[in-house]
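Structural overview for review
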Amino acid sequence: MPRDRGRRAGGRGRREGRGIQQLPWLQVRNPYPPIEVLSEEQLERVHDTSMRVLEEIGIEFMDARALDLLADTGADVDKESGVVRFDRDLVLELV
């Protein structure tokens, strides 16, 4: 069976120094200030709404062990539906 023409056994015949030269590493710096996407008031509204969703609607968990752990933590767990509701203070404590 013929050998590939460009391939040499055992790596013999490699040519050193013919690769692409790597430029020195430089730290990239962003010259622009951070963008304020939301105002403080808007950010507070997002936070308040997310807390209301966790308190009133909750999150559905499908794992029985997770439901047990959350119940032990103090969350309001409905094991029949798998929905867990979190008190605002509990969320802030856990975070």
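Please read these numbers as outputs of a predicted model, since none were measured by experiment.

Turning to the overall build of the chain, a few remarks are in order. Scanning the chain from terminus to terminus reveals three helices and three strands. Across the chain, helices and strands are ordered from the amino to the carboxyl terminus as α-β-α-β-β-α. The contacts of the chain with a sequence gap of at least 6 include a subset with a gap of at least 24, amounting to 43%. Carbon and sulfur atoms make up 52% of the accessible area of the chain, which totals about 9,400 Å².

Glancing now at helix α1 (residues 40–57). Taking 1.5 Å of rise per residue, 18 residues should cover 26 Å, and α1 covers 25 Å from first to last C-alpha, within 8% of that figure. Positive backbone phi, at 85°, marks G58, one or two positions downstream of α1.

Right, let's talk about the nonpolar core for a bit. M51, L54, L67, L70, A75, V77, V84, F86, L90 and V91 together form the largest nonpolar core, which totals ten residues. When residues of this core are traced back to their parent elements, those giving at least two are α1, α2 (64–73) and α3 (88–94). Apart from the residues within four sequence positions on either side, V84 is in contact with L54, G58, I59, F61, L67, L70, A75, D76 and V77.

Another point: the sheet that holds strand β3 (residues 83–85). With antiparallel pairing, the three strands of this open sheet are ordered in space as β1-β3-β2. One side of each edge strand has no neighbouring strand; the edge strands of this open sheet are β1 (59–60) and β2 (76–78). Of the pairings in the sheet, the one linking β1 to β3 comprises two bridges and is antiparallel in character. Pairing of I59 across the sheet is with V84, part of β3. Of the strands in this sheet, β1 and β3 touch α1, which is tilted by about 125° from β3.

Quick look at the pattern of salt bridges now. Enumeration over the complete set of coordinates arrives at four salt bridges. A salt bridge links R52 to E56; its shortest N-O distance comes to 3.7 Å. Taken as a pair, R52 and E56 lie in helix α1 at a separation of four residues, close to a single helical turn. With a shortest N-O distance of 2.4 Å, K79 and D68 are connected by a salt bridge. With K79 in the loop between β2 and β3 and D68 in helix α2, this pair connects stretches of sequence that are eleven residues apart. The exposure class assigned to K79 is exposed, which follows from its relative accessible area of 51%. Classification of D68 by relative accessible area gives partly exposed; the value is 34%. In the salt-bridge network here, residues are joined through shared partners; they are D48, E55 and R88.

Scoring rules and cut-offs
Residues numbered from 1 in each chain as written. Predicted model: local features only at pLDDT ≥ 70, side-chain atom pairs only at ≥ 80, totals over all residues. Heavy atoms only, no water. Helix = DSSP H or I, 4+ residues; strand = E, 2+ residues; numbered from the N terminus. Contact = heavy atoms within 4.5 Å. Areas by Shrake-Rupley, 256 points an atom, 1.4 Å probe, with all protein chains shown as cover. Expected span 1.5 Å × (residues − 1). Core = buried A, V, L, I, M, F, W, Y, C linked by side-chain atoms within 4.5 Å. Buried < 20%, exposed > 50% of the residue type's maximum accessible area, 1.4 Å probe, protein only. Pairing = 2+ DSSP bridges. Axes fitted to C-alpha atoms, helices over the stretch in contact; angles between N-to-C directions. Salt bridge = Lys/Arg side-chain N within 4 Å of Asp/Glu carboxyl O.

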